[in-house]
Amino acid sequence: MQQAEILPADMKVLMNHIYELKKGVRNMVLFTFNKRYETYARTRLEHAGIAYIIQPVGNERLNLFFGKKQCLDAIRMMVNRPLNQLTPEEDFILGAMLGYDICAQCERYCERKERCNHDCEHCRCAQ
């Protein structure tokens, strides 16, 4: 008798994201997960022929971007530092690319712009 593979909740979420990507529900996904599952995640994406980018977050966690090549090409150009250091504009673009509610993204953008004093070190607004 073959035993069914028991997946942790994080990997079940990953499998659902892969399913949605393949069905066209999403063009790109950002998935944050525990580093111990990196090999599993890479193997599943490679087996499915899905392009991806992995970035360390800290605390033994990784950000995994995966999806359409065009989206990942933009991510490679834009997300070259921790996500909390993105400019309000970059954060807005990323949220839109991920399919987040556009009105909520607009609200987030306005809040971040109002908080920014245009010489903050973390978001490069002055540059």
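Refer to the preceding data block for the structure.
Residues numbered from 1 in each chain as written. Predicted model: local features only at pLDDT ≥ 70, side-chain atom pairs only at ≥ 80, totals over all residues. Heavy atoms only, no water.

Undergrad: Whenever I open this one, the pairing of strand E1 (residues 28-34) confuses me. Can you help?
TA: Looking along a regular strand, one sees the side chains alternate between the two faces of the sheet. The element E1 is extensively covered by neighbouring structure, given that 6 of its 7 residues are classed as buried. Summarising the sheet, E1 and strand E3 (residues 61-67) pair through 7 bridges and their orientation is antiparallel. Directly across from leucine 30, in E3, lies its bridge partner phenylalanine 65. (Buried < 20%, exposed > 50% of the residue type's maximum accessible area, 1.4 Å probe, protein only. Helix = DSSP H or I, 4+ residues; strand = E, 2+ residues; numbered from the N terminus. Pairing = 2+ DSSP bridges.)

Undergrad: I'm lost on the packing of aromatic side chains in this one. Help?
TA: By convention here, two paired aromatic rings are described through the distance between centres and the angle between planes. If you walk through the whole model with that rule in mind, you get 2 aromatic pairs. Relative to phenylalanine 33, the ring of phenylalanine 31 has its centre 5.4 Å away and its plane inclined at 10 degrees; by these criteria the two rings are stacked. Residues phenylalanine 31 and phenylalanine 33 agree in their burial class; the two are buried. With centroids separated by 5.9 Å and ring planes inclined at 65 degrees, the aromatic side chains of phenylalanine 92 and tyrosine 109 adopt a geometry described as edge-to-face. Here phenylalanine 92, found in helix H4 (residues 88-97), pairs with tyrosine 109, found in helix H5 (residues 102-115); they are 17 residues apart in sequence, far enough to count as distant. By relative accessible area, tyrosine 109 is classed as partly exposed at 26%. (Phe/Tyr/Trp six-rings, centres within 6.5 Å; stacked < 30°, edge-to-face > 60°.)

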